[in-house]
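Here's the letter readout for the chains.
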Amino acid sequence: MIPKFLFSHLSVLCLGFLSAAHLMAAPITANQVNVARVAAGLPALAHSPALTKAADAHAHYLARNLPMNGSSQVSAHEEQSGAVGYSGEFAPERAQAFAYPHGQVLENISIGNESVDDSAGDLMSAIYHRFAFLDFDIDEMGAAATQQRYVYELGIQNLAQTCSNQAGAASLTQKYDCLGKVISKANYQQLCTDLPDAAQFSPPYQNRCENGALLNAPYMQSVCQSPPSEAILKGAGRYFDACGDGTRISAKWFNQQCESNREDIIYQHTGATYKICSPEREVNADWYEGYCASLPLDSVQESGRYYNVCANGFKIKSEYYAALGAQRLAMRPEVVLWPANEVAGISPVFYDEDPHPTPDLPMTGYPISIQFNPHKVSSVAIMGFQLEHFEPQSQQWQAVTGIRAINELNDVQKKFSALQFAWFPLHRLQWNSQYHYRIDALVDGGFRQFSATFKTVDLNLPLYEVQGGIEELEVSAKHFVLYRQPDAYDTFPFRDVNLQYKSNARVAAKVIDSSTVELEISGRGCSPFYLNTRLNEGLKVHHCPKNIWRDVFQ
């Protein structure tokens with residue numbers, strides 16, 4: 001593959017400007033993304049129609065507005081209001097414009113790839129984009145392509161369902177004050193519906209006893225209606241006009257009532273009240289104070305904070321939002337390695353992405369990464385890393401030297417988390433070769449070791465390695481691959497090539513990447529051909545047996 005442009009939230013690849021006159025957009029099935037996720041132990045991403053529509057619209061926009069040569073100064077993740085095909089400035093707005101329920105959306109983009117598999121493969125070689133495809137939270141995707149613009153929108157299902165359903169448990173609890181304690185709306189409504197008899201206020205008898213006690217009004221009303229004979233003062237003595245109608249109630253008898261302990265006589269409350277509920281209810285103050293005092297301090301376990309991520313404005317309380325995340329992550333693996341064990345078809349090289357994790361290097365070998373599930377792991381300290389290459393001739397594993405480790409502390413783009421780590425070989429890997437890596441780490445204080453074996457792409461053609469400078473090469477195949485290891489003299493030796501050959505032979509060339517070119521010879525002639533590179537190096541290729549081409553050209 002030729003180095004392309006990768007843009008990140010996540011990515012873009014570019015190769016040439018396309019006219020907007022022939023736009024043919026179509027949803028795509030990014031099988032390679034799900035193949036990679038399943039190999040890494042993650043669930044495959046479900047198809048999202050809404051995200052597919054958003055991806056399709058953005059791919060259209062890019063085809064109309066973003067040159068293939070990468071000359072635009074605007075990120076491929078950003079749309080300009082007023083431009084043709086505008087559907088939203090960034091991925092969250094675009095997703096919601098096509099009825100996706102929330103804005104927690106990741107986006108990967110590549111431009112210039114020949115196929116969706118090529119696109120997904122390039123994005124997996126770019127570490128920031130890889131982390132998006134292998135994200136622990138995402139579980140659905142919509143993807144589309146328009147004229148080599150590939151767009152992937154990545155979303156979260158249970159959050160989408162919560163926003164759509166507006167479940168009561170996800171809502172912020174309306175709180176009520178209960179004399180300094182917090183009570184939920186549901187409990188408050190239940191309280192008002194089922195007020196006990198002890199809460200119901202009825203006023204005491206209007207005259208207070210000399211000892212300060214209050215008498216029940218119904219009791220005194222019955223006394224006044226039919227006073228007992230012993231309650232009436234006969235002759236001289238102290239009395240109370242307790243009934244207000246001139247009836248002389250004996251003070252001795254009245255005080256005896258005030259000093260009794262009978263609940264039917266003595267008013268059991270203070271006489272003070274609180275007004276609560278809607279419609280308003282008047283309740284005994286001593287009962288309400290006791291009720292509020294009996295509430296636990298954590299009767300409503302909410303912070304009052306919320307996430308405003310739903311397109312419909314529904315606010316999800318932070319505790320419920322955290323529970324949704326915990327629910328997702330509990331079903332994910334503890335750790336994700338890439339390349340995963342026994343995976344084949346890995347690219348030998350990483351060129352570029354935007355932003356760039358290694359901006360001082362024109363290319364590196366394919367990066368190895370490990371990321372830990374934050375629901376299952378709290379802290380990680382990497383103790384060691386080793387990458388080995390299997391040498392077929394010696395049948396031995398040989399250590400690969402020259403590796404750059406990147407983590408949260410030295411990531412120049414500040415995108416790594418504390419639980420994400422990557423290693424970049426400083427030189428590209430070899431085609432059709434087997435590699436093994438081992439990672440030693442302290443995970444939550446305990447020593448752990450992680451390892452995997454993977455294989456790079458097999459081009460399924462004879463491969464000839466050439467050196468820099470002018471030289472001659474004899475090949476025995478008509479269809480083969482030339483490879484030149486990049487060096488300080490020429491980092492991209494086969495980025496631009498041209499061919500010279502005589503009319504009795506035809507040579508077709510396809511640049512696989514900047515160090516690798518595929519050649520196919522047709523015709524009956526035995527004339528050698530010349531492969532010239534951008535630095536005017538020339539390679540003379542003979543494709544007939546020596547006894548033939550020497551006779552022809554002597």
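Computed from a prediction, not measured in an experiment: that's the story for all the values here.

Engineer: Whenever I open this one, the sheet that holds strand 30 (residues 506–513) confuses me. Can you help?
Structural biologist: Taken in spatial order, the four strands of this open sheet run 26-28-31-30, and their pairing is mixed. Strands at the two margins of the open sheet, each flanked by one partner only, are strand 26 (463–465) and strand 30. Put simply, the sheet's adjacent strands are angled 25 degrees from each other on average, direction ignored. The pairing of strand 30 with strand 31 (residues 516–522) spans seven bridges and is antiparallel. Across the sheet, Arg506 pairs through a bridge with Ser522, a residue of strand 31.

Engineer: Honestly, the confidence of the model for the protein in this entry has me stumped. Any pointers?
Structural biologist: Averaged over all residues, the pLDDT of the protein is 87; the fraction at 70 or higher stands at 89%. Within the model, the stretch residues 1–25 combines pLDDT values under 50 with 117 contacts to residues more than four positions away or in other chains.

Engineer: How should the pattern of salt bridges be read in this particular structure?
Structural biologist: If charged atoms from side chains of opposite charge come close, those side chains can pair. In this structure the tally under the stated criterion is eleven salt bridges. When the shortest N-O distance is used, the salt bridge between Asp137 and Arg328 registers 2.9 Å. Here Asp137, found in the loop between helix 5 (127–133) and strand 5 (140–146), pairs with Arg328, found in helix 11 (residues 318–330); they are 191 residues apart in sequence, far enough to count as distant. Look at Asp137 and you get partly exposed, because its relative accessible area is 22%. By relative accessible area, Arg328 is classed as buried at 7%. As a salt-bridge pair, Asp513 and Arg428 come within 2.9 Å of each other at their nearest N and O atoms. Of this pair, Asp513 sits in strand 30 while Arg428 sits in the loop between strand 23 (420–425) and strand 24 (434–443), and the two are 85 residues apart along the sequence. For Asp513, a relative accessible area of 1% corresponds to the buried category. Look at Arg428 and you get buried, because its relative accessible area is 5%. A single salt-bridge network, built from bridges that share partners, covers Glu79, Arg94 and Glu107.

Engineer: How do you make sense of the packing of helix 1 (residues 31–39) against helix 4 (residues 116–125) when you look at a structure like this?
Structural biologist: When two helices pack together, their arrangement is given by the angle between the helix axes and the distance between those axes. Where helix 1 contacts helix 4, the axes come no closer than 8 Å and their chain directions differ by 40 degrees. In terms of axis orientation, helix 1 runs oblique to helix 4. Contacts from Gln32, Val33 and Ala36 of helix 1 reach helix 4 at Asp117, Ala120, Gly121 and Met124. Residue composition of the contact of helix 1 with helix 4, by class: four nonpolar, two polar and one charged.

Engineer: Whenever I open this one, the sheet that holds strand 25 (residues 446–456) confuses me. Can you help?
Structural biologist: Adjacent strands of a sheet pair through backbone hydrogen bonds, lying either parallel or antiparallel. Reading across from one edge, 16-25-24-20-21 is the order of the five strands in this open sheet, with mixed pairing throughout. The strands lining the two open edges of the sheet, one partner per strand, are strand 16 (343–346) and strand 21 (396–399). Averaged over neighbouring strand pairs, the angle between their axes works out to 35 degrees when direction is ignored. Direction of pairing for strand 16 relative to strand 25: parallel, over a ladder of two bridges.

Engineer: Sorry, what's going on with the environment of Ala326 here?
Structural biologist: Inspection of the secondary structure puts Ala326 in helix 11. Taking C-alpha positions, Ala326 is 6.4 Å from His375, a pair spaced 49 residues apart along the chain.

Engineer: Quick question: what am I supposed to make of the nonpolar core here?
Structural biologist: Proteins that are soluble and globular tend to have nonpolar side chains buried together. Among the nonpolar cores identified, the biggest contains 48 residues, and Tyr152, Trp338, Ile370, Phe372 and Phe450 are the most heavily contacted of them. In terms of residues, this core owes the most to one element, strand 24, which gives five residues. What Phe450 contacts, discounting residues up to four positions off in sequence, is Val335, Leu337, Ile370, Phe372, Tyr437, Arg438, Ile439, Ala441 and Val443.

Engineer: Quick question: what am I supposed to make of the environment of Thr52 here?
Structural biologist: You can see Thr52 is positioned in helix 2 (residues 49–65). For Thr52, a relative accessible area of 6% corresponds to the buried category. Between the C-alpha atoms of Thr52 and Glu153, which are 101 residues apart in sequence, the distance is 7.3 Å. Sequence-distant contacts of Thr52, that is, excluding residues within four places in its chain, are made with Pro27, His47, Met141, Gly142, Ala143 and Ala144. Within the structure, Thr52 has its side chain in polar contact with the backbone oxygen of Ser48 (distance 2.8 Å).

Engineer: Explain the state of the cysteines here, please?
Structural biologist: Simply put, the disulfide is a covalent bond whose two ends are the sulfur atoms of two cysteines. Under the criterion given, the structure shown has five disulfides. Between the sulfur of Cys192 and that of Cys277 lies a disulfide, 2.0 Å long from S to S. Taking the torsion about the S-S bond as the criterion, the Cys192 to Cys277 disulfide, at about -90 degrees, is left-handed. With Cys192 in helix 7 (residues 185–193) and Cys277 in the loop between strand 11 (273–276) and strand 12 (281–284), this pair connects stretches of sequence that are 85 residues apart.

Engineer: It is not clear to me how helix 8 (residues 217–225) should be interpreted in this structure. Could you clarify?
Structural biologist: Each α-helix turn comprises 3.6 residues. Residues three or four places apart therefore point the same way. Buried within helix 8 are the following residues: Ala217, Tyr219, Met220, Val223 and Cys224. Viewed end-on, helix 8 has its buried residues packed into an arc of 160 degrees, placing them on one side of the element. In this structure, helix 8 carries Pro218 and Gln225 as exposed residues pointing more than 90 degrees from its buried face. Residues of helix 8 that are buried sit in contact with helix 9 (251–258).

Engineer: Just to check I follow, could you spell out the packing of aromatic side chains for this structure?
Structural biologist: Any pair of aromatic rings gets described here by the distance separating the centres and the angle formed by the planes. Counted according to the given criterion, the structure contains 18 aromatic pairs. For the pair Trp287 and Tyr291, a centre-to-centre distance of 5.6 Å together with 15 degrees between the ring planes defines the contact as stacked. Of this pair, Trp287 and Tyr291 both sit in helix 10 (residues 285–294), four residues apart, which is roughly one turn of the helix. Residue Tyr291 is classed as partly exposed on the basis of its relative accessible area, which comes to 21%. Between Tyr435 and Phe454, the aromatic rings sit 5.7 Å apart at their centres with planes inclined by 15 degrees, giving stacked as the arrangement. Here Phe454 lies in strand 25 and Tyr435 lies in strand 24, a separation of 19 residues in the sequence. Here Tyr435 falls in the buried class, since its relative accessible area comes to 3%.

Calculation criteria
- Residues numbered from 1 in each chain as written.
- Predicted model: local features only at pLDDT ≥ 70, side-chain atom pairs only at ≥ 80, totals over all residues.
- Heavy atoms only, no water.
- Pairing = 2+ DSSP bridges.
- Helix = DSSP H or I, 4+ residues; strand = E, 2+ residues; numbered from the N terminus.
- Axes fitted to C-alpha atoms, helices over the stretch in contact; angles between N-to-C directions.
- pLDDT = per-residue confidence, 0-100.
- Contact = heavy atoms within 4.5 Å.
- Salt bridge = Lys/Arg side-chain N within 4 Å of Asp/Glu carboxyl O.
- Buried < 20%, exposed > 50% of the residue type's maximum accessible area, 1.4 Å probe, protein only.
- Parallel < 35°, antiparallel > 145°, perpendicular 65-115°, else oblique.
- Nonpolar A, V, L, I, M, F, W, Y, C, P; charged D, E, K, R; others polar.
- Core = buried A, V, L, I, M, F, W, Y, C linked by side-chain atoms within 4.5 Å.
- Polar contact = N/O pair within 3.5 Å; in protein donor to acceptor, adjacent residues only side chain to side chain.
- Disulfide = S-S within 2.5 Å.
- Arc of directions from axis to C-beta.
- Phe/Tyr/Trp six-rings, centres within 6.5 Å; stacked < 30°, edge-to-face > 60°.

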